[in-house]
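This is what each chain is made of:
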Amino acid sequence: QEMIDNYILYLRSEDKSRSTIKCTIQSLDLFYSMNDVVLNFKKIKRMIPAEKKHSQSIPYTTEQVKDILKVLGHDLKWSAFVHVMCASGMRAGFIEYLKFQDIIDMPNNCKALRVYSGEKEEYYAFIHHEAVQSLEKYIQSKKNKNEPTEPNSFVFTKTHDSSKNLSQKDVSVRLSFILKKFPEIRGIKENGRYKVAMSHGFRKRWNTILKNNKDINPLLAEKMFGHSMTIPLDTVYHKPSLEILFEEYQKAIPELIIDDNERLKHTINEQQSELDQLKDKDDQILALQTQLHEVQLHLKELAKRS
């Protein structure tokens, strides 16, 4: 008991964060409980420091994402990872679960991703054509190296052992290396945290874009974000179809796209699609008018005969 008390006091003197000390105490509590050693953990937990105000956590900007992608250059694997994160808003942990069988084709060159497949937290996210292009380049490079791409194979794998999936630790190491080249992006630490979270900054960018779009249903945005706490029992009873979710997602694609040229192409394609729909409607109206005219002539002919 005395040893643990002194250790917690030492952690506090080292200015360790509340979450670090709390996690340490929980680990010790579990260890001693499993070994039938009774200690006064109620007293120990009282030694956890109060929560400090964290720095204002903000998302990456589109320009900052461009800078990160420039550093990655021809690194197809990590470029695809950043594109997928930005397009889908998934947590970095998806990288440990995503398999080829979890990638589903959608209209307009988009894909749906089954996130945490088989787990309780399973949900669906989407990626637009720009991210799909980057992901397909990486997949093609895997095929060229004869790396496994069967349905049950992991998508993002280690360089020296393609049978093993990447982990969140691999993500942290890689992103940390890249962000050292852009210290101005994350700023200075405040209370142990940067203003932009290393991987969560991509997720916050996605969430901010969708929530700022007044045309998108916020409840459906939460579903695509992997959240379901807005309404009690929402997870159990609210089951929107993949098509409905995708319809909402498409409204945010122009702002989610990173490259300006790709955004312009997308806008042009959307406008052309709208023009084609209007043309189809005009053709339908003309056809109906023609049919109406023929019916009127037929009625006149019948009136003459009668």
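Data block above holds the structure.
Now for a quick tour of the structure. This structure is a prediction, so every number in the text was calculated from the model and none was measured. (Residues numbered from 1 in each chain as written. Predicted model: local features only at pLDDT ≥ 70, side-chain atom pairs only at ≥ 80, totals over all residues. Heavy atoms only, no water.)

1. What to know about the pattern of salt bridges
1) Next: Tallied over the entire structure, the rule returns 14 salt bridges.
2) Next: Across the pair Asp 260 and Lys 66 runs a salt bridge, and its minimum N-O distance is 2.9 Å. With Asp 260 in helix α14 (residues 260–305) and Lys 66 in helix α4 (residues 62–72), the pair connects residues that are 194 residues apart, well separated along the chain.
3) Next: For Asp 260, the salt bridge is made with Arg 263, and the minimal N-O distance between the two is 2.8 Å. (Salt bridge = Lys/Arg side-chain N within 4 Å of Asp/Glu carboxyl O. Helix = DSSP H or I, 4+ residues; strand = E, 2+ residues; numbered from the N terminus.)

2. A few points about the pairing of strand β2 (residues 110–115)
1) Next: Along β2, six of the six residues are buried, which leaves the element largely enclosed by surrounding structure.
2) Next: Burial along β2 is two-sided: the face carrying Cys 110, Ala 112 and Arg 114 and the face carrying Lys 111, Leu 113 and Val 115 are both buried.
3) Next: Note that strand β1 (residues 103–106) and β2 share four bridges and pair antiparallel. From the neighbouring strand, Ile 103 faces β2, where its bridge partner is Leu 113.
4) Next: As judged from the five bridges shared by β2 and strand β3 (residues 123–127), these two strands associate in the antiparallel manner. Its bridge partner being in β3, Leu 113 is matched across the sheet by Ala 125. (Buried < 20%, exposed > 50% of the residue type's maximum accessible area, 1.4 Å probe, protein only. Pairing = 2+ DSSP bridges.)

3. Describing the nonpolar core
1) Next: Membership of the largest hydrophobic core comes to 63 residues, with the highest contact counts inside it found for Phe 81, Leu 135 and Phe 156.
2) Next: Sorting elements by how many residues they give to this core places helix α5 (residues 76–88) first, with eight residues.
3) Next: Dropping the residues within four chain positions of it, Phe 156 is found in contact with Lys 77, Ala 80, Phe 81, Phe 94, Ile 95, Leu 98, Leu 135, Tyr 138, Lys 164, Asn 165 and Leu 166. (Core = buried A, V, L, I, M, F, W, Y, C linked by side-chain atoms within 4.5 Å. Contact = heavy atoms within 4.5 Å.)

4. Let's talk about the packing of α5 against helix α9 (residues 200–212)
1) Next: Packing of α5 against α9 leaves a shortest axis separation of 7 Å and a crossing angle of 35°. Between α5 and α9, the residues in contact are Val 82, Met 85, Cys 86, Ala 87 and Ser 88 and Phe 202, Arg 205 and Trp 206, respectively.
2) Next: Class assignment of the residues belonging to the contact of α5 with α9 gives a composition of six nonpolar, one polar and one charged. (Axes fitted to C-alpha atoms, helices over the stretch in contact; angles between N-to-C directions. Nonpolar A, V, L, I, M, F, W, Y, C, P; charged D, E, K, R; others polar.)

5. Brief notes about a nonpolar patch on the surface
1) Next: On the surface, Val 295, Leu 299 and Leu 302 cluster together into a nonpolar patch covering about 260 Å² of accessible area.
2) Next: Checked against the element boundaries, Leu 299 lands in helix α14. (Patch = residues over 30% accessible without salt bridge, like charges linked within 9 Å, V, L, I, M, F, W, Y side chains within 5 Å. Areas by Shrake-Rupley, 256 points an atom, 1.4 Å probe, with all protein chains shown as cover.)

6. Points about α4
1) Next: Listed as buried for α4 are Gln 64, Val 65, Lys 66, Ile 68, Leu 69 and Leu 72.
2) Next: Where the residues of α4 are buried, they touch α5, α7 (168–179), α8 (183–186), α9 and α14.
3) Next: Note on α4: the residue one or two positions beyond its end, Gly 73, has a positive phi of about 55°.

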